[in-house]
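As a plain string of letters, each chain reads:
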Amino acid sequence: MLHLKLATDPRWVNIVEKNIEEILTDHAWCEQKAATNAITIITLNSEYPDLVTDLLLLAQEELEHFQMVHDIIKKRGYTLGRERKDSYVNELYKFMNKGGSRLESMVDRLLFSAMIEARSCERFKLLSKEIKDPELSKFYHDLMISEAGHYTTFIGFARKYGQNINVDKRWQELVEFEAEVIKNYGKNETIHG
């Protein structure tokens, strides 16, 4: 369903398990950034009422996820560390069309968002299957389902509003681009690292 070209090496989970506090902190900030991204899309495209409605709900859900991760951090006696830079997302951002029409920019932002959700979903699935911690295994399974829904939301709006844009071709270009980017990741205890 996610159409990712390159799967995460399952050994990434071994890296994650060595520093659970770090992965949880990184994950919390990823959820905050996902909420912010949804709100940014709304502010740039407020003339689409259904997009606004659905992305408001998505942003609220992302903030709920942020709170859920923060609750796990507190429960385990950890501290939410400082916000981290997400190099994967920053590299992926370079794919977006910066000089096209508003509509082309919107479609690219929606596809960019779908890709981040797809990769997060893939990583959460891997964590849910491979992590030895039963609480985190269930937690990541539940989030995997949510992330898949977010992926579908973003792709759906790109296709709905991307008139006169070959959205499927643009998505395939992003899939190829992301496959090259992700080759450099999977070596750190971060959601996309």
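Predicted model, so just to flag it, every value in this text is computed and none were measured.

A.B. asks: Before we go on, may I ask you to explain the overall build of the chain in this structure?
C.D. replies: When helices and strands are tallied, the chain shows 7 helices and 0 strands. Each helix and strand of the chain, ordered N terminal to C terminal, gives the series α-α-α-α-α-α-α. Its C-alpha atoms give the chain a radius of gyration of 16 Å, near enough to 16 Å, the size a compact globule of 193 residues would have. With respect to the three principal axes, the spread of C-alpha positions in the chain is 50 × 30 × 25 Å. Put simply, 82% of the contacts in the chain that link residues at least 6 apart link residues at least 24 apart. Each charge sign in the chain was given a centre, from 26 positive and 31 negative side chains, and these centres are 4 Å apart.

A.B. asks: What exactly am I supposed to notice about the nonpolar core here?
C.D. replies: Looking at soluble globular proteins, one finds that nonpolar side chains tend to be buried together. The biggest cluster of nonpolar side chains holds 62 residues, and the ones touching the most others in it are Leu24, Tyr140 and Trp171. Only helix H1 (12-17), helix H2 (20-44), helix H3 (49-75), helix H4 (87-93), helix H5 (102-130), helix H6 (134-161) and helix H7 (167-182) provide two or more residues apiece to this core. The greatest single-element share of this core, amounting to 13 residues, is contributed by H5. Filtering out sequence-adjacent residues up to four positions away, Tyr140 remains in contact with Leu24, His27, Phe124, Leu127, Ser128 and Ile191.

A.B. asks: Looking at this structure, I do not really get the side chain of Glu178. What am I missing?
C.D. replies: Relative to the elements of secondary structure, Glu178 occurs in helix H7. Classification of Glu178 by relative accessible area gives buried; the value is 0%. Those residues within four positions of Glu178 in sequence are excluded, and the remaining contacts are Leu4, Tyr88, Leu92, Met115 and Arg119.

A.B. asks: Even after reading the chapter, I still don't get H5, so can you show me in this structure?
C.D. replies: Since there are 3.6 residues in each turn of an α-helix, residues three or four apart along the chain are aligned in direction. With 29 residues, H5 should cover 42 Å at 1.5 Å per step; its first-to-last C-alpha distance of 42 Å lies within 8% of that length. The buried count for H5 comes to 22 of 29 residues, which makes it a mostly enclosed element.

A.B. asks: I would appreciate a short explanation of the packing of aromatic side chains in the present structure.
C.D. replies: The way to describe two aromatic rings as a pair is by their centre distance and the angle between their planes. Applying the stated criterion to the full structure yields 9 aromatic pairs. When the ring of Tyr88 is compared with that of Tyr185, the centres are 6.0 Å apart and the planes differ by 80 degrees; the resulting orientation is edge-to-face. A residue pair is termed long-range when its members are at least 10 positions apart, and Tyr88 in helix H4 and Tyr185 in the segment after H7 qualify at 97 residues. The burial state of Tyr88 is the same as that of Tyr185; both residues are buried. Taking 6.1 Å as the distance between ring centres and 5 degrees as the angle between the ring planes, the aromatic pair formed by Phe157 and Tyr161 counts as stacked. Taken together, the residues Phe157 and Tyr161, both in helix H6 and 4 residues apart, mark about one turn of the helix. No difference in accessibility class separates Phe157 from Tyr161, as the two residues are buried. The ring centre of Tyr93 lies 4.7 Å from the NZ or CZ of Lys98, which sits over that ring. Of note, Arg123 hangs over the ring of Trp12, and the distance from its end group to the ring centre comes to 4.6 Å.

A.B. asks: Which parts of the structure should I look at to understand unusual backbone geometry?
C.D. replies: Excluding glycine, most residues fall at negative phi; most peptide bonds, likewise, are trans. Of note in this structure, Asn164 is not a glycine but carries a positive phi near 65 degrees. Position of Asn164 among the secondary structure elements: in the loop between H6 and H7. Judged by relative accessible area, Asn164 falls into the exposed class, the value being 86%.

Analysis parameters
Residues numbered from 1 in each chain as written. Predicted model: local features only at pLDDT ≥ 70, side-chain atom pairs only at ≥ 80, totals over all residues. Heavy atoms only, no water. Helix = DSSP H or I, 4+ residues; strand = E, 2+ residues; numbered from the N terminus. Rg over C-alpha atoms; globule rule 2.2 N^0.38 Å. Contact = heavy atoms within 4.5 Å. Lys, Arg positive; Asp, Glu negative; His and termini not counted. Charge placed at Lys NZ, Arg CZ, Asp CG, Glu CD. Core = buried A, V, L, I, M, F, W, Y, C linked by side-chain atoms within 4.5 Å. Buried < 20%, exposed > 50% of the residue type's maximum accessible area, 1.4 Å probe, protein only. Expected span 1.5 Å × (residues − 1). Phe/Tyr/Trp six-rings, centres within 6.5 Å; stacked < 30°, edge-to-face > 60°. Lys NZ or Arg CZ within 6 Å of the ring centre and 35° of its normal.

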